[in-house]
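Reading the structure
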Amino acid sequence: MKLITRGSIAILGALVLLIGMSPINVNANPAAYGFGMPSSGYSYVLYGAPYTILRAYSSSGYALGDATIAAVRARSDSTYGGYYYDVLMTRLELQPLKTPAGSGYYYWGMNQQSKITMPLNGNQLPVNFAPQASMPSGSSTWDVGFTGGISGKDFGFSLKTGYSSTITENCYDISANSNSGITVITYDYKTTRTLLSNSGGIKAAINKWTTNNHQTFGACTYKTPIGNTNDSVVNYSVSFRYAYVYGNTTWDGNTTQVVDAALGTASISLLYSGTCAP
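Calculation rules
- Residues numbered from 1 in each chain as written.
- Predicted model: local features only at pLDDT ≥ 70, side-chain atom pairs only at ≥ 80, totals over all residues.
- Heavy atoms only, no water.
- pLDDT = per-residue confidence, 0-100.
- Contact = heavy atoms within 4.5 Å.
- Helix = DSSP H or I, 4+ residues; strand = E, 2+ residues; numbered from the N terminus.
- Phe/Tyr/Trp six-rings, centres within 6.5 Å; stacked < 30°, edge-to-face > 60°.
- Buried < 20%, exposed > 50% of the residue type's maximum accessible area, 1.4 Å probe, protein only.
- Lys NZ or Arg CZ within 6 Å of the ring centre and 35° of its normal.
- Salt bridge = Lys/Arg side-chain N within 4 Å of Asp/Glu carboxyl O.

1. Some words on the confidence of the model for the protein
A residue-level look at the protein finds 68% of positions with pLDDT of 70 or above and a mean pLDDT of 75. Within the model, the stretch residues 139-166 combines pLDDT values under 50 with 83 contacts to residues more than four positions away or in other chains.

2. Things to note about unusual backbone geometry
Residue Ser103 is not a glycine yet carries a positive backbone phi of 55°. Within the element layout of this structure, Ser103 appears in the loop between strand 7 (98-102) and strand 8 (105-119). We note that Ser180 has phi near 55°; this positive angle belongs to a residue other than glycine. Secondary-structure assignment places Ser180 in the loop between strand 15 (172-179) and strand 16 (182-189).

3. Considering the packing of aromatic side chains
Considering all chains together, one arrives at 11 aromatic pairs under this definition. Note on Tyr105 and Tyr244: the rings are 4.8 Å apart at their centroids and 5° apart in plane angle, and the pair reads as stacked. Taken together, the positions of Tyr105 in strand 8 and Tyr244 in strand 18 (residues 232-246) put the pair 139 residues apart, joining distant regions of the chain. Residue class for Tyr244 comes out partly exposed when judged on its relative accessible area of 36%. Chaining the aromatic ring pairs together yields one cluster made of Tyr62, Tyr105, Tyr107, Tyr242, Tyr244 and Tyr246. The cationic tip of Lys98 hangs over the ring face of Trp108; the distance from NZ or CZ to the ring centre is 4.8 Å.

4. A look at the pattern of salt bridges
If you walk through the whole model with that rule in mind, you get 3 salt bridges. With a closest N to O distance of 2.6 Å, Asp66 and Arg55 form a salt bridge. Pair noted here: Asp66 is in strand 5 (residues 63-76) and Arg55 is in strand 4 (residues 42-57), with a separation of 11 residues, a long-range link. Across the pair Asp173 and Lys190 runs a salt bridge, and its minimum N-O distance is 3.2 Å. Separated by 17 residues along the polypeptide, Asp173 in strand 15 and Lys190 in the loop between strand 16 and helix 1 (201-209) bring together distant segments of the chain.

Structure representation (structure tokens):
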């Protein structure tokens, strides 16, 4: 299933939809979708077919960026104490767009925020979530996965990450919390608009970096009672800032060209069909 949504609300350009996503057995390596998982002990389902694409627009209708969503659930092959042990992993890849605006000018999309909200349902019990802290400085590429497994009451996982940096100031921050079974993972990018005297340097470098594709991940572990077939609804929200630039290949991140206006924002709620069997 592929979905492109367009919001034309004057302030935020926000659109909220609820779409059912049936699970599909994953026969290929889940790593193809950006997820690293143990080779045994778990069964996997991929939600979607395999991606959903969400598009954000400026208030004047210019496309600023796409977000490609993928989700995989891992479930323990065996039950423990009447529960399956589940891991829901999501990936949201931001792709800023360059859109012609006439007379040689372009809107340059810039990553601003990615938010994943993952609520549990029924009598599922939360165990853990990730990531739990801000990433180090610099740009990064990383896989999401979990290590470890189930031993008695212990069920743990950790993200494996790899990153390389050419910028010495934080390009983005991650905040994460889980309360009452609702996990929220937020990535905030450090796009900047300042006075002419600050148009270059590290701020411009960060601005230019935020025009690149970037993957954001969220994951939570939980226990699902045998026979619980409740669906799960995960909300994804993205926003993009933008620069108004003459020419489509020459922008250096100049902070004075970043538009001081409402962000282009879009959101979607995906309904992931529940299943009690692995």
